[in-house]
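Structure at a glance
Below, each chain spelled out in residue letters.
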Amino acid sequence: MPPKFSGIQKEVFGLYRTILREARKKDHLANNNAQSLLSLWSQSESSVYYARKEFRHQAHKVPRNDFRTIEHKIRHGYKQVKLLKMPGVKLVSGA
């Protein structure tokens with residue numbers, strides 16, 4: 001039987017997928033070629049690599065039972081996705 005996830009877990013999974021999808025779009029536009037997702041995960045200059053690393057970094061900073069902070073981070077994450085979708089944004093980067 002597949003595991004049952006709570007609503008907040010499903011939101012986090014959905015946010016993570018959305019972030020990776022948008023970061024991959026930005027990498028595709030910047031490189032003008034199709035690369036596999038696995039190769040983008042390992043390239044430290046790719047948006048997918050940075051987004052994945054930052055998501056995990058933020059996730060490790062919050063205890064699993066701190067729902068208020070998790071909900072705040074989810075709202076902040078969706079705001080970041082909204083900014084990432086803007087046409088003027090070329091790459092996701094920490095620099």
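Within each chain, residues carry numbers counting from 1 in the order of the written sequence. With the structure being a predicted model, the display of local features is reserved for residues of pLDDT at least 70 and the display and counting of side-chain atom pairs for 80 or more, all residues being used for whole-chain, interface and lining totals. As a rule here, side-chain values come from all non-hydrogen atoms in the structure, and water together with hydrogens is ignored.

1. Considerations on the pattern of salt bridges
The following threshold applies: Here, a salt bridge means any side-chain nitrogen of Lys or Arg that lies within 4 Å of a carboxyl oxygen of Asp or Glu. Secondary structure follows DSSP: runs of H or I at least 4 residues long count as helices, runs of E at least 2 residues long count as strands, and numbering of each begins at the N terminus. Burial status follows relative accessibility: with a 1.4 Å probe on protein chains alone, a residue under 20% of its type maximum counts as buried, one over 50% as exposed, and anything between as partly exposed.
A complete count under the given rule lists one salt bridge for this structure. Among the ionic pairs, K25 bridges to E22, the shortest N-O distance being 3.2 Å. With K25 and E22 both in helix 1 (residues 7-31) and three residues apart, the pair spans about one turn of that helix. The class for K25 is partly exposed, based on a relative accessible area of 46%.

2. Remarks on helix 4 (residues 67-84)
Note the threshold: To estimate how far a helix should reach, multiply one less than its number of residues by 1.5 Å. Throughout, the arc means the angular range of directions from the helix axis out to the C-beta atoms.
With 18 residues, helix 4 ought to run about 26 Å at 1.5 Å a step, and its terminal C-alpha atoms sit 25 Å apart, in line with that. Those residues of helix 4 not exposed but buried are I70, I74, G77, V81 and L84. Looking down the long axis of helix 4, one finds its buried residues gathered within 80° of arc, a one-sided arrangement. In helix 4, the exposed positions angled more than 90 degrees off the buried face are occupied by R68, K79 and K82.

3. Describing the environment of I70
Threshold: Contact definition: two residues touch when any of their heavy atoms are within 4.5 Å.
Here I70 lies in helix 4. The contacts of I70, once residues within four sequence positions are left out, are I8, V12, V62, P63 and R64.

4. Points about the nonpolar core
Basically, it comes down to this: Put simply, buried Ala, Val, Leu, Ile, Met, Phe, Trp, Tyr and Cys residues joined by side-chain atoms within 4.5 Å make one nonpolar core.
Core analysis: the largest hydrophobic core is formed by nine residues, namely L15, Y16, I19, L20, A23, V48, A51, F55 and V81. Listed by contribution, the elements that provide at least two residues to this core are helix 1 and helix 3 (47-60). The element that contributes the greatest number of residues to this core is helix 1, accounting for five residues.

5. Remarks on the packing of aromatic side chains
Our working rule: Note on ring pairs: Phe, Tyr and Trp rings are taken, using the six-membered ring of Trp, and paired if centres are within 6.5 Å. Classes follow the plane angle, with under 30 degrees stacked, over 60 edge-to-face and the rest tilted.
Under the counting rule described, the total for this entry stands at two aromatic pairs. Here the aromatic rings of F5 and F13 are separated by 5.0 Å at their centres, their planes lie at 85°, and the arrangement is edge-to-face. The exposure class assigned to F5 is partly exposed, which follows from its relative accessible area of 39%. Between Y16 and F55, the aromatic rings sit 4.7 Å apart at their centres with planes inclined by 55°, giving tilted as the arrangement. Placement of the pair is Y16 in helix 1 and F55 in helix 3, with a sequence separation of 39 residues.

6. Structural notes on helix 3
Here helix 3 spans 20 Å end to end across 14 residues, near enough to the 20 Å set by a 1.5 Å rise per residue. Buried within helix 3 we find S47, V48, A51 and F55. The buried side chains of helix 3 occupy one side of the element, clustering within an arc of 100° when seen end-on.

7. Structural notes on the confidence of the model for the chain
We count it as follows: Residue-level confidence of the predictor is summarised by pLDDT, bounded by 0 at the bottom and 100 at the top.
Considering every residue of the chain, the mean pLDDT works out to 83; 79% of them sit at 70 or more. Averaged pLDDT values for the elements of the chain fall to 55 in helix 2 (residues 37-42) and rise to 93 in helix 4.

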